[in-house]
Amino acid sequence: MEGNTLTPPEGVIPRQGDGRRSRLSVLLVEDDAGDALLVEELVADSGVPVELRWVRTLAEAGTELAARPADCVLLDLHLPDGQGLDALGRALSLTDRAAVVVLTGLAEERTGLAALSAGAQDYLVKGRVEGELLGRALRYAVERKQAERAALALRASQMRAQENARLERGLLPLPMLRTKDVTVTPRYRPGRADSLLGGDFYDVVETAEGVVHTLIGDVSGHGPDEAALGVGLRIAWRTLVLTGVEGARQLALLEQVLVAERAAPEIFATATIVALAPDRRTARVWRAGHHGLLNLTPDGTVEYTEPPRGPALGVVPGVGEWPEGRLELRPGQSLMLFTDGLFEGRTDEGRLGEEGLLALAGQHATLPASEFVDTLIARAEALAADHGGLDDDLAVVHLTWSASS
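All of these numbers come straight from a predicted model, not from anything done at the bench.

Novice: Explain the packing of aromatic side chains to me, please; I cannot follow it from the model alone.
Specialist: For any pair of aromatic rings, the description rests on two quantities: the centre-to-centre distance and the angle between the ring planes. The tally for this structure, following the rule as stated, stands at 1 aromatic pair. Aromatic side chains Phe-338 and Phe-343 sit 6.1 Å apart centroid to centroid with 90 degrees between the ring planes, which places their arrangement in the edge-to-face category. Taking the relative accessible area as the measure of exposure, Phe-343 reaches 2% and is therefore buried.

Novice: Any chance you could explain the confidence of the model for the protein chain here in plain terms?
Specialist: Atom-level detail of predicted coordinates should not be read off regions where pLDDT is low. Per-residue confidence for the protein chain gives a mean pLDDT of 86, with 88% of residues at or over 70. Confidence drops under a pLDDT of 50 for residues 5–21, and excluding neighbours within four residues, the segment shows 41 contacts in the predicted structure.

Novice: Please clarify how the packing of helix α8 (residues 353–363) against helix α9 (residues 369–384) should be interpreted in this entry.
Specialist: The axes of two packed helices give the description: the angle between them and the distance between them. Remark: α8 packs on α9, axes separated minimally by 10 Å, with the N-to-C direction vectors making an angle of 135 degrees. Between α8 and α9, the crossing angle belongs to the class labelled oblique. Taken as a pair, α8 and α9 cross one another with a handedness that is right-handed. Listed contacts from α9 to Leu-357, Leu-360, Ala-361 and Gln-363 of α8 are Phe-372, Leu-376, Arg-379, Ala-380 and Leu-383. By residue class, the composition of the contact of α8 with α9 is 7 nonpolar, 1 polar and 1 charged.

Novice: What is the right way to read the pattern of salt bridges from this model?
Specialist: Summed over the entire model, instances satisfying the criterion amount to 17 salt bridges. The partner of Glu-64 in a salt bridge is Arg-53, and the shortest N-O contact between them spans 2.9 Å. In this pair, Glu-64 sits in helix α2 (residues 58–67) while Arg-53 sits in strand β5 (residues 50–55), placing the two residues 11 residues apart along the sequence. With respect to class, Glu-64 is no different from Arg-53; both count as buried. Note that Asp-374 is salt-bridged to Arg-187, the shortest N-O span being 2.6 Å. In this pair, Asp-374 is assigned in helix α9 and Arg-187 in strand β11 (residues 182–189), connecting sequence segments 187 residues apart.

Novice: I would appreciate a short explanation of the side chain of His-290 in the present structure.
Specialist: By the secondary structure assignment, His-290 is in the loop between β15 (282–288) and β16 (293–296). Within the structure, the side chain of His-290 is placed 2.8 Å from the side chain of Thr-270, a separation counted as a polar contact. Other than its neighbours up to four places away in sequence, His-290 contacts Ile-216, Asp-218, Thr-270, Ala-271, Thr-272, Arg-309, Phe-338 and Thr-339.

Novice: Even after reading the chapter, I still don't get the sheet that holds strand β23 (residues 394–401), so can you show me in this structure?
Specialist: One key point about sheets: their strands pair by backbone hydrogen bonds, in either a parallel or an antiparallel sense. Pairing within the open sheet is antiparallel, and its 5 strands lie in the order β11-β23-β20-β16-β17. Of all strands in the sheet, those with a lone pairing partner are β11 and β17 (302–305), marking the two edges. Geometrically, the sheet is characterised by an average inter-axis angle of 20 degrees between neighbouring strands, direction not taken into account. With 3 bridges connecting them, β16 and strand β20 (residues 334–338) associate as antiparallel partners.

Novice: Hey, could you run me through the nonpolar core in this one?
Specialist: Generally speaking, soluble globular proteins have nonpolar side chains that are buried together. Counting residues in hydrophobic clusters, the biggest one holds 26 residues, and the most contacted among them are Val-219, Leu-233, Trp-237, Leu-251, Leu-254 and Leu-313. Of all the secondary-structure elements, those providing two or more residues to this core are β12 (200–206), β13 (212–219), α6 (224–242), α7 (247–261), β14 (269–276) and β15. Sort the elements by how many residues they give to this core and α6 lands first, with 6 residues. Of all hydrophobic cores here, the second largest spans 23 residues; its members include Val-26, Ala-36, Val-50 and Leu-103.

Cut-offs applied
Residues numbered from 1 in each chain as written. Predicted model: local features only at pLDDT ≥ 70, side-chain atom pairs only at ≥ 80, totals over all residues. Heavy atoms only, no water. Phe/Tyr/Trp six-rings, centres within 6.5 Å; stacked < 30°, edge-to-face > 60°. Buried < 20%, exposed > 50% of the residue type's maximum accessible area, 1.4 Å probe, protein only. pLDDT = per-residue confidence, 0-100. Contact = heavy atoms within 4.5 Å. Axes fitted to C-alpha atoms, helices over the stretch in contact; angles between N-to-C directions. Helix = DSSP H or I, 4+ residues; strand = E, 2+ residues; numbered from the N terminus. Parallel < 35°, antiparallel > 145°, perpendicular 65-115°, else oblique. Left-handed = near helix turned anticlockwise from the far one by under 90°. Nonpolar A, V, L, I, M, F, W, Y, C, P; charged D, E, K, R; others polar. Salt bridge = Lys/Arg side-chain N within 4 Å of Asp/Glu carboxyl O. Polar contact = N/O pair within 3.5 Å; in protein donor to acceptor, adjacent residues only side chain to side chain. Pairing = 2+ DSSP bridges. Core = buried A, V, L, I, M, F, W, Y, C linked by side-chain atoms within 4.5 Å.

See below:
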């Protein structure tokens with residue numbers, strides 16, 4: 001009779017949290033045929049619609065649950081392949097979905113109480129069970145199991161949120177500035193609506209000499225591994241700046257970190273580094289596979305600037321060279337670094353692209369820095385709204401300054 005479905009009474013009941021009405025699916029694990037028939041009679045008298053299946057051993061229960069899950073396992077604690085709490089432990093290992101109600105003998109009430117502490121939702125004493133009590137125990141056990149699973153899911157969600165918050169603090173650093181003549185306006189947004197994090201990263205650090213170093217980068221791919229790698233690269237870069245390493249040497253060492261930390265060999269990262277001189281009249285730029293940057297002049301014009309570029313980090317490890325570019329700057333000028341999530345969105349005319357972004361920037365170049373950045377992002381989002389939106393990670397760092405005397 002192993003795996004047989006015992007005849008259930010007719011009718012339906014609502015499940016906890018389910019607007020539909022359906023039977024409870026119960027798997028009885030009982031090696032005694034007489035006790036199995038008694039359980040069937042009790043189910044018939046319970047008034048609860050139950051689809052009752054019966055197996056004799058824990059091994060058969062494992063096979064049955066793998067083929068067809070159950071809402072509740074009704075478990076005898078004296079089986080050919082399991083006794084007492086050991087049998088309960090094995091039953092719990094077979095399913096994380098089903099409630100477990102144990103069946104004990106008249107002299108085993110302590111065992112029943114111990115079973116509750118070990119993970120069972122309820123226990124019933126053979127010989128003291130009536131149909132109504134059995135039905136109520138099955139329903140409450142299923143409801144308790146659902147509540148436990150919901151609580152565990154909530155706890156897991158809270159822990160993920162805490163981890164994401166820690167990662168987010170790593171991705172969204174506070175600029176480390178010594179002077180007040182440079183204003184930094186950063187923005188960050190992950191591409192996935194249900195995520196706090198993405199693989200883009202940025203940082204700004206001013207050294208004791210007055211050089212303002214800025215980094216922006218983009219790890220290929222999306223997800224927690226890429227976000228963690230972005231955090232690692234950003235922290236490594238800040239350390240390199242503070243220890244006096246500059247320019248192309250920074251990129252070479254960041255590539256070593258990336259190769260050591262990446263989850264798969266095909267993962268790479270693009271990056272741009274800008275070093276703004278202490279007099280704010282020049283800036284040196286190094287690019288590793290990254291696109292250009294926006295150069296906003298005091299008269300309200302915007303240029304798309306592409307200094308010399310080397311390969312992305314991790315594509316061909318150990319052989320890359322990153323030439324230095326140089327920008328001549330004026331008071332009131334500003335630079336905006338960004339990742340490709342800002343211009344990769346689709347519009348009615350196709351991909352927005354760098355030219356489309358430049359055109360948008362030109363329309364709003366006279367706005368204050370914070371308003372300019374927010375408006376540019378909002379316009380790019382609006383243009384892509386009917387085509388899936390901006391679905392890639394997005395980071396922006398806007399720098400403006402006044403010249404030293």
